[in-house]
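Descriptive structure summary
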Amino acid sequence: MNSAYYLGRPLPGVVGETRRMCHVFPAQTGIPTRLVALCGVSFNREQLELLEGPRGMPCEPCLRSVPRPQLEVQQT
Ligand SMILES: [Zn+2]
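Residues numbered from 1 in each chain as written. Predicted model: local features only at pLDDT ≥ 70, side-chain atom pairs only at ≥ 80, totals over all residues. Heavy atoms only, no water.

**Here we look at the sheet that holds strand E1 (residues 5–10)**
- On the basis of which strands lie adjacent, the open sheet formed by 3 strands has the order E2-E1-E5 and antiparallel pairing. Of all strands in the sheet, those with a lone pairing partner are strand E2 (23–26) and strand E5 (48–51), marking the two edges. Strand-to-strand twist of the sheet, defined as the mean angle between neighbouring strand axes without regard to direction, takes the value 45°.
- Of the strand pairs in this sheet, E1 and E2 are connected by 4 bridges, and their pairing is antiparallel. Bridging across to E2, Tyr 6 finds its partner in Phe 25. (Pairing = 2+ DSSP bridges. Helix = DSSP H or I, 4+ residues; strand = E, 2+ residues; numbered from the N terminus. Axes fitted to C-alpha atoms, helices over the stretch in contact; angles between N-to-C directions.)

Right, dumping it as structure tokens:
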């Protein structure tokens, strides 16, 4: 996976169930103890489950902050 971003959402109990949205976090070398999503919310690392892909409700502010994926842009 060469994505510059990864997805994570708060574990059950960290926030209310309706706020367990899938946030986007910028990839970085090593995982710090405190992660800040693109929308500005931050979580401790142990409060998050990292996701293989989008799951559940996405965080819209996070999604809007992500540059368009380059997967569909084929350069010839
Ligand atoms: Zn977010």
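**A few points about the side chain of Arg 20**
- Tracing the backbone shows Arg 20 in the loop between E1 and E2.
- Classification of Arg 20 as buried rests on a relative accessible area of 11%.
- There is a polar contact of 2.8 Å between the side chain of Arg 20 and the backbone oxygen of Pro 10.
- Polar contacts involving the side chain of Arg 20 include one to the side chain of Glu 49, which spans 3.0 Å.
- When residues no more than four places from it in sequence are discounted, the contact partners of Arg 20 are Arg 9, Pro 10, Leu 11, Pro 12, Val 15, Glu 49 and Met 57. (Buried < 20%, exposed > 50% of the residue type's maximum accessible area, 1.4 Å probe, protein only. Polar contact = N/O pair within 3.5 Å; in protein donor to acceptor, adjacent residues only side chain to side chain. Contact = heavy atoms within 4.5 Å.)

**What to know about the environment of Leu 51**
- If you trace the backbone, Leu 51 turns up in strand E5.
- Sequence separation between Leu 51 and Gly 8 is 43 residues; the distance between their C-alpha atoms is 5.3 Å.
- Other than its neighbours up to four places away in sequence, Leu 51 contacts Leu 7, Gly 8, Arg 9 and Cys 22.

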